[in-house]
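# Residue-level structural notes
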Protein chains: 2
Amino acid sequence: MKNQNAPTMKDVAKKAGVSLGTVSKVINNIPVGPSYRLKVEQAIKELNYEVNTYARGLKTNRTNIIALIIPDNINPFFSGLAHYIEAALYQRKYKLMLCCSDGIREKEIEYLNLCSQNKVDGIIALTYSDIGNYVSKSIPLVSFDRHFDNNFTPMVSSDNYMGGVIATEKLIELGCKRPAFIRFSSSIPGEADKRKDGYFDTCKKYNIPPIVLDKNVFAQVDKELEDFICEHEHSDHTLDFDGIFSNTDLHAFKAKKILEEKGYRIPEDVQIIGFDGIRQFGEEELFVSSICQPIKELAETCVSILLSNEQETRPTLTLLPVKYEFGGTTKREKEN
Amino acid sequence: MKNQNAPTMKDVAKKAGVSLGTVSKVINNIPVGPSYRLKVEQAIKELNYEVNTYARGLKTNRTNIIALIIPDNINPFFSGLAHYIEAALYQRKYKLMLCCSDGIREKEIEYLNLCSQNKVDGIIALTYSDIGNYVSKSIPLVSFDRHFDNNFTPMVSSDNYMGGVIATEKLIELGCKRPAFIRFSSSIPGEADKRKDGYFDTCKKYNIPPIVLDKNVFAQVDKELEDFICEHEHSDHTLDFDGIFSNTDLHAFKAKKILEEKGYRIPEDVQIIGFDGIRQFGEEELFVSSICQPIKELAETCVSILLSNEQETRPTLTLLPVKYEFGGTTKREKEN
């Protein structure tokens, strides 16, 4: 790929009638007199000179590439986050390196090391493993949703606790007497755990005994859901619960399908609220009524904290507000 | 980020008791005697020496980064393609730079230029504009789905023509007498245009007069679909067509919703087959019966052609087979 006849910095200097040092300053964005800058830029244009990234990298030690570590790019929440992070980086003249870890610890650590190898200027990570020990204070890193076991990695997340409160309050407001909570989740602690706390505290506030299905596995979700429903089902085809707040839209959607197969009507018999705000085909309707995460703003916040010049004063935790949106599995406000 | 106390190649040479040239060879994967290699690797490990990517880049002129240009990372087909391309690159020790162009010509050209700036080693592009003139023969590039107006850019695609044939044949096999074809597409020619050819040729084979809605726009899709249905609807609530082959799953899904709202039963009154194989939440059930693109194999093929050492003999066109999959909007094979 190397073009042996490509113009060099020397050619630019000669054409512009300035010193090599002046050309270097212009290329590396170091201030020079405006007339010099103009001459150099003109010569660069005329010669079609292209900056050698490596040569510049040796000088500036920057790549203008940011790595994003996510488990995969198939889950619509992760791919949406990647989409908006790419857009936010593009506006700032940065590029995105997409790193899918499959939630595997070794891959996450390998990707974290990219930064110390000078391959990227910073990392935004949505990780599943306890990799806090592998993070150096000198590496610009922002964590999405996960706590790292150090006290310096800035974290960005939705206000999951408020999301849990809003979902449970909304179910009650729409007529539910016994909202249940269901969750299938990673065993690694994260901000998303607070969705459950929001549910419990709201139940307590209204003196409602909680009904909970909470599993630290993703296997056999359908069977676990069926067992849970059977457990709370009576011989007269009624249920202990008349509402479900699900930790994710996916599991809300699965619960809906199983309940409908069993002859229950959604939302008449059971109202369901999920969490995430996932849309059909990426941008069509919601799959279920949901507590929607502000995915575009979350992406923007991750990028702006990561690239902030004020590394000393950046917030260690930033929570963005979520909001309820109707998606067909709850009663309409007016109907109540 | 620069660590002033980091060990240098000199330190490694001293520790290993070898010359600087030997260290350089080991780092740049140039053959040296095994005992020397061992000594250097040992010293690198003990000193925790990290290779300076820029210094190596100046020598090898390689970044081991491949850029993927896609319109966006929200459409599940594009994000799935990115996911599997990342995985295929990871296996070959390459990294993925994700570039979302929004289908904007200027952004596509800007991303194409990354390669000539030595920022990436190659490009996989799913573009929407006529940018063939901006491609140099010296840049490793593989195009997905789109023809470039040059005769050297290798293209990878699904066998779209066969997909059109399979869809139309399947509708007829399942009892349809009058399958219609609907399409909303970009005006830029591409391999996907052949889906329509497959439909037309199959209609001809069976002496069926085609019924077609074909628009080069994405605006007002719902209204266009409604108008099309009304146009082919009779006063006795019957339709000219009893099957639809849609150019994409998204538009198949939209057609299904509108037909159901009008009181038609899917698949009893109208059977629908889409194209793509998009799944709910990325990996759950299909939205509609579909001609599924082999997304993982397409990704693998793009990568293996791009990184092939035999640049002279790589295929200019590679088409992978598609297959029909039941997704609820067609009759079951046995029912017929």
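The structure under discussion appears in the preceding block.
Since the model is a prediction, treat every value here as computed from it, not as a measurement.

## Thoughts on the environment of Val303(A)
Within the secondary structure, Val303(A) is located in helix α11 (residues 295–306). Each C-alpha atom of the pair Val303(A) and Glu86(A) lies 9.2 Å from the other, and the pair is 217 residues apart in sequence.

## Looking at the sheet that holds strand β3 (residues 122–125) of chain A
Across the sheet, 12 strands lie side by side as β11(A)-β5(A)-β4(A)-β3(A)-β1(A)-β2(A)-β2(B)-β1(B)-β3(B)-β4(B)-β5(B)-β11(B); this open sheet has mixed pairing. Edge positions in the sheet fall to β11 (317–320) of chain A together with β11 (317–320) of chain B, since each has one partner strand and no second. Averaged over all adjacent pairs, the angle separating strand axes in this sheet is 25°, with direction ignored. One ladder, built from 2 bridges, connects strand β4 (residues 141–144) of chain A with strand β5 (residues 155–158) of chain A; its direction is parallel. Bridging across to β5(A), Ser143(A) finds its partner in Met155(A).

## A word on the pattern of salt bridges
Residues and elements named next belong to chain A. This model, assessed by the stated rule, comprises 42 salt bridges over all chains. Between Lys254 and Asp222 there is a salt bridge, and its shortest N-O distance comes to 3.6 Å. Placement of Lys254 in helix α10 (residues 249–261) and of Asp222 in helix α9 (residues 221–231) is noted, with a sequence separation of 32 residues between them. Its relative accessible area of 40% is what places Asp222 among the partly exposed residues.

## Comments concerning the interface of chain B and chain A
Contacts between chain B and chain A engage 56 residues on the former and 55 residues on the latter. A combined buried area of about 5,400 Å² lies between chain B and chain A, and 59% of that area is made up of carbon and sulfur atoms. Seen at the junction of chain B and chain A, the total is 6 salt bridges. Joining chain B to chain A, the criterion identifies 17 residue pairs in polar contact (both at pLDDT 80 or more). When contributions to the side of chain B that touches chain A are tallied by element, the ones reaching two or more residues are α4 (53–60), α5 (76–91), β2 (95–100), α6 (105–116) and α10 (249–261) of chain B. Of the residues forming the side of chain B that touches chain A, the biggest block, 8 residues, is contributed by α5(B). When grouped by side-chain class, the residues that make up the side of chain B that touches chain A number 25 nonpolar, 15 polar and 16 charged. Two elements, strand β2 (residues 95–100) of chain A and β2(B), share 3 bridges in a ladder whose sense is antiparallel. In the sheet register, Leu98(A) faces β2(B), and the bridge partner there is Leu96(B).

Rules used throughout
- Residues numbered from 1 in each chain as written.
- Chains lettered and ligands numbered in written order.
- Predicted model: local features only at pLDDT ≥ 70, side-chain atom pairs only at ≥ 80, totals over all residues.
- Heavy atoms only, no water.
- Helix = DSSP H or I, 4+ residues; strand = E, 2+ residues; numbered from the N terminus.
- Pairing = 2+ DSSP bridges.
- Axes fitted to C-alpha atoms, helices over the stretch in contact; angles between N-to-C directions.
- Salt bridge = Lys/Arg side-chain N within 4 Å of Asp/Glu carboxyl O.
- Buried < 20%, exposed > 50% of the residue type's maximum accessible area, 1.4 Å probe, protein only.
- Contact = heavy atoms within 4.5 Å.
- Buried area = accessible area lost by both parts, 1.4 Å probe.
- Polar contact = N/O pair within 3.5 Å; in protein donor to acceptor, adjacent residues only side chain to side chain.
- Nonpolar A, V, L, I, M, F, W, Y, C, P; charged D, E, K, R; others polar.

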